[in-house]
Each structure stands twice: as C-alpha cells, then as structure tokens.
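Coordinates in review
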Amino acid sequence: SNGTVAIIQARMGSSRLPGKMMMDLCGQPLLHWVLSRVKKTKLADSILLATSDTIKDDPLEKLAQDLKVPVFRGSEMDVLGRFVAAAQMAKADSVVRICGDNPLISPEEIDRLISFFEKVMKEESTSDNLYAFNFASKLGNQYPDGFGAEIFSMALLKRISKLDEKLSSREHVTKYIWDHPEQFKIRTFSAPNEIAYPSVRLDVDSQEDLDKLNLLCGHLGQDSSPRKIVMAYKKQFSF
C-alpha cells in the first residue's frame, strides 16, 4: 500500500463553465495551477489526476503528463466509481480528495489536513468512519473556500460507494457523508489566524469567478502562500 494518496478530480464537462480546466489563469491553464501547487505537498505519499475517459479530457491527461503527474481515467457519469477505481489503482490507505476547481489550493493546508487526520486516527484508534476537511468554512472552522481538501480512509471510501447506489448523487464523491452525518465522525479544525476569513472564495464555478481570480493572480505566483493570497485578496477586493 502507498499510505496517503492525493487525488485531484477534474474534467472538461463542467455544467456551469464547460472547459474551465484548460481556461487561462494568468498565463497558465487552471489545471496547471492546481497540479503544480498540489505537487508541493510534503505529507502526501503520491498524487494522481482522476479524469474521465471521454475524448474531451485528453488535454487534461496531456497537461498532467507534462507535469509528471500520473493519470487515471474512468467513467464520466459515475464520478464516485471513477474516484474509487483511481484510489484502488494508487493502492491508497488514506485518500485526500482535491477539487480541480481550486487553482489556489494550498500545499501547506493539505499537509495540515493530513497531519490532523493522522493525529485523530491515533488518538481515537479509528479510521473507518473518520472524515476530515478544511476545503471551506463549515462547522465554525473559519476557513476560506479553496485552500484545503477532504480526507478519509480507503475503507470509508469503499463503504460509501457500496451505500450510495443513486447515480444522481454519485456525481459527488462525498455527498453521502454530508447527507448522513450521523454515520460518520466529521471533523475539522480552526484556520490559522492570518487566513481565517471565511468570506474569501477562491473556487472557480463561473466566468465571473475566473475573471475575479485573474485580477487576483496578477499579484501572485504559482507558489504564493495562503497568507499572501488572502492579503492580496483583501487589497484587491477591499473588505
């Protein structure tokens, strides 16, 4: 087994902004930002791009290959099934799920999530129902939207795949967990003070989001820290 595997989920067929993964963000495709930033995590044992096997996702595979990121391709419709197959291919014990919509994803915050998860697993000697996250401001953690990720064991992933038979919700890998919180230990932790601004939104769902990040990224590099990003955001969008 390979310990902790970070899986980036991305495809061209987004309903709200088709083709966004290859759209330009300050001189590089959106996905280039995601992959090059995730590659800097220290605690993930390996990383992997999971995309669909449709022809329109060929450019994503090529971009990942250029960045030396392995690629798994599977069902376009059954996103959860594709994700499980990718994790099995990577022989993961624990899986970090990273959303391709987050070009400013932070390697530091992914590492913070992994070490939190490992600490809770040790303390509570549990893994089968533990789910931890820091991708957005929920449960009072004060996180901005778009720096973090979510993490769970391979055992939990297989379990939700068996439990969640409805194709409609299998488009979202962890929807089952959020719909049935009583079946899981859902955990999070406070954002570091200097980035604790839950109104900061860094994910790309629409053309407007992309335009906004293009303004922001003019002041940033592909290795900018969360603190620098939040400071630039505060200055650019004055709040």
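Just above sits the structure.
In a beta sheet, neighbouring strands are held together by backbone hydrogen bonds and run either parallel or antiparallel to one another. Taken in spatial order, the seven strands line up as β5-β4-β1-β6-β8-β7-β9 in an open sheet, and their pairing is mixed. Only two strands of the sheet have a single partner each, and these edge strands are β5 (71-74) and β9 (185-187). Between one strand axis and the next, the sheet turns by 25° as a mean value, whatever way the strands run. Inspection of the sheet shows strand β7 (residues 130-133) paired to strand β8 (residues 150-153) by three bridges, in the antiparallel sense. Looking at the pairing, A132 lines up with I151 of β8. Strands in contact with helix α1 (residues 30-38) are β1 (4-9), β4 (46-52) and β6 (94-99); relative to β1, the strand with the most contacts, it is inclined by about 170°.

Residue position: N129 is located in the loop between α4 (107-124) and β7. A sequence separation of 56 residues divides N129 from K185, and the C-alpha atoms of the two residues are 5.7 Å apart. Once residues within four sequence positions are removed from consideration, N129 is found in contact with L156, R159, Q183, F184 and K185.

What counts and how
- Residue numbers here run from 1 along each chain, matching the order of that chain's written sequence.
- Only residues with pLDDT of at least 70 get local features here, since the model is predicted, and only at 80 or more are side-chain atom pairs given and counted; chain-wide, interface and lining totals rely on the full set of residues.
- Water and hydrogen atoms play no part in the side-chain values, which are based on all heavy atoms of the structure.
- At least two DSSP bridges between two strands are needed for those strands to be called paired.
- Comment: elements are numbered from the N terminus, with helices defined as DSSP H or I runs of at least four residues and strands as E runs of at least two.
- Helix axes are fitted to C-alpha atoms over the stretch in contact, other axes to C-alpha atoms as well, and angles between N-to-C directions run from 0 to 180 degrees.
- In this description, contact between two residues means that some pair of their heavy atoms is separated by no more than 4.5 Å.

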